[in-house]
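Examination of the molecular architecture
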Amino acid sequence: PFKLLGILDVENIPCARESILYGSLGSVVAGLGHFLVTSRIRRSCDVGVGGFILVTLGCWFHCRYNFAKQRIQERIAREGIKNKILYESTHLDPERKLKSSNNS
């Protein structure tokens, strides 16, 4: 497995790979853009590092939020399917109650 700085397992952690890639792209764009505007090398490197940090963290939090939201939706759907299997054709089935009330 590829570990970034010996800590972050990029292959197995969701969103890590995309965040690092977008952060590095943001770093190059920010640093190069600042250098083309000001021609100051040291400050451009600082802007590049800042761009890397901001873009990486922004992508990380956005991706993790969407990942958590998706997992919650999957859990709700899984529980619904489990309840459908458990209560189907029993007296506790909500669809059966709706059909019997509509027929009356």
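Given the structure is predicted, the values throughout are model-derived calculations rather than measurements.

Conventions we followed
- Residues numbered from 1 in each chain as written.
- Predicted model: local features only at pLDDT ≥ 70, side-chain atom pairs only at ≥ 80, totals over all residues.
- Heavy atoms only, no water.
- Helix = DSSP H or I, 4+ residues; strand = E, 2+ residues; numbered from the N terminus.
- Expected span 1.5 Å × (residues − 1).
- Buried < 20%, exposed > 50% of the residue type's maximum accessible area, 1.4 Å probe, protein only.
- Patch = residues over 30% accessible without salt bridge, like charges linked within 9 Å, V, L, I, M, F, W, Y side chains within 5 Å.
- Areas by Shrake-Rupley, 256 points an atom, 1.4 Å probe, with all protein chains shown as cover.
- Salt bridge = Lys/Arg side-chain N within 4 Å of Asp/Glu carboxyl O.
- Lys, Arg positive; Asp, Glu negative; His and termini not counted.
- Charge placed at Lys NZ, Arg CZ, Asp CG, Glu CD.

Quick word on helix α1 (residues 16–38)
Each full turn of the α-helix corresponds to 3.6 residues, which orients residues three or four apart in the same direction. Over its 23 residues, α1 runs 32 Å from end to end, which matches the ideal 33 Å to within 8%, given 1.5 Å per residue. Those residues of α1 not exposed but buried are Ala-16, Ser-19, Gly-23, Gly-26, Ser-27 and Gly-31. Looking at the residues trailing α1, positive phi occurs at Ser-39, about 60°.

Some details on a positive patch on the surface
Taken together, the side chains of Arg-64, Arg-71, Arg-75 and Arg-78 make up a positively charged region of the molecular surface. Within the element layout of this structure, Arg-75 appears in helix α2 (residues 41–87). Given the relative accessible area of 44%, Arg-75 is considered partly exposed.

Quick word on unusual backbone geometry
Phi at Cys-15 is positive, roughly 80°, even though this residue is not glycine. Within the secondary structure layout, Cys-15 lies in the loop between β2 (8–9) and α1. Notably, Ser-39 is not glycine yet its phi reads approximately 60°, a positive angle. On the secondary structure map, Ser-39 appears in the loop between α1 and α2.

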